[in-house]
Amino acid sequence: MISYLYQIKNPQGLHARPASKLFMEAGKFSSAIVLKTTKGEADCRNLLEIMGLGAESGEMVEFSFSGEDEDRAKAAFQKLVEDDLNL
């Protein structure tokens, strides 16, 4: 298992559009991908769980990856949140 910490920079926090992109990206990998916040955790293959976390701007979140393609999944999520989503 590997993980990746990220501080949310978007003033709107983790809202519907980036949550749906995380959900769609998770479907590309066989590894389990979990998003953890201070309020709980969400399976990234479950859009409602991601949105239910209500992650806010400035909050530190942790993505954890566990499985045979965890390295590729981590790299893809890192690029997605930093470059594509501006989350």
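For the structure, check the block above.
Everything numeric here is computed off the predicted structure, so don't read it as measured data. Throughout this description, residue numbers start from 1 for each chain and increase along the sequence as written. Per-residue local features are limited, in this predicted model, to residues with pLDDT of at least 70; the limit for side-chain atom pairs, both in listing and counting, is 80 or more; totals at the level of whole chains, interfaces and linings are taken over all residues. Remark: hydrogens and water are excluded; side-chain values derive from all non-hydrogen atoms of the structure.

## So, the pattern of salt bridges
Between side chains of opposite charge, pairing is possible as soon as their charged atoms come close. Note on definitions: salt bridges are taken to be side-chain nitrogens of Lys or Arg within 4 Å of carboxyl oxygens of Asp or Glu. Applying the stated criterion across every chain yields a total of 3 salt bridges. In this structure, E25 engages K28 in a salt bridge whose closest nitrogen and oxygen atoms are separated by 3.1 Å. With a 1.4 Å probe rolled over the protein chains alone, any residue whose accessible area is under 20% of its type maximum counts as buried; one over 50% counts as exposed, and the rest are partly exposed. With relative accessibility at 13%, the residue E25 sits in the buried group. R72 serves as the salt-bridge partner of D69, at 3.6 Å between the closest nitrogen and oxygen. R72 gets classed as exposed once you look at its relative accessible area, which sits at 53%.

## What to know about the packing of aromatic side chains
What counts as a ring pair is set by centres within 6.5 Å for rings of Phe, Tyr and Trp (its six-membered ring), and what kind of pair is set by the plane angle: stacked under 30 degrees, edge-to-face over 60, tilted for all other angles. Following the criterion strictly, the structure yields 4 aromatic pairs and no others. Geometrically, the ring pair formed by Y4 and F63 is stacked, given 6.3 Å between the ring centres and 20 degrees between the ring planes. One end of the pair, Y4, is in strand β1 (residues 2-7); the other, F63, is in strand β4 (residues 60-66), and 59 residues separate them in sequence. There is no split in this pair, since Y4 and F63 are both buried. Three or more aromatic residues joined by ring pairs make a cluster, and in this case those are Y4, Y6, F63, F65 and F77. In DSSP terms, a helix is any run of H or I states spanning at least four residues, a strand is any run of E spanning at least two, and both are numbered starting from the N terminus.

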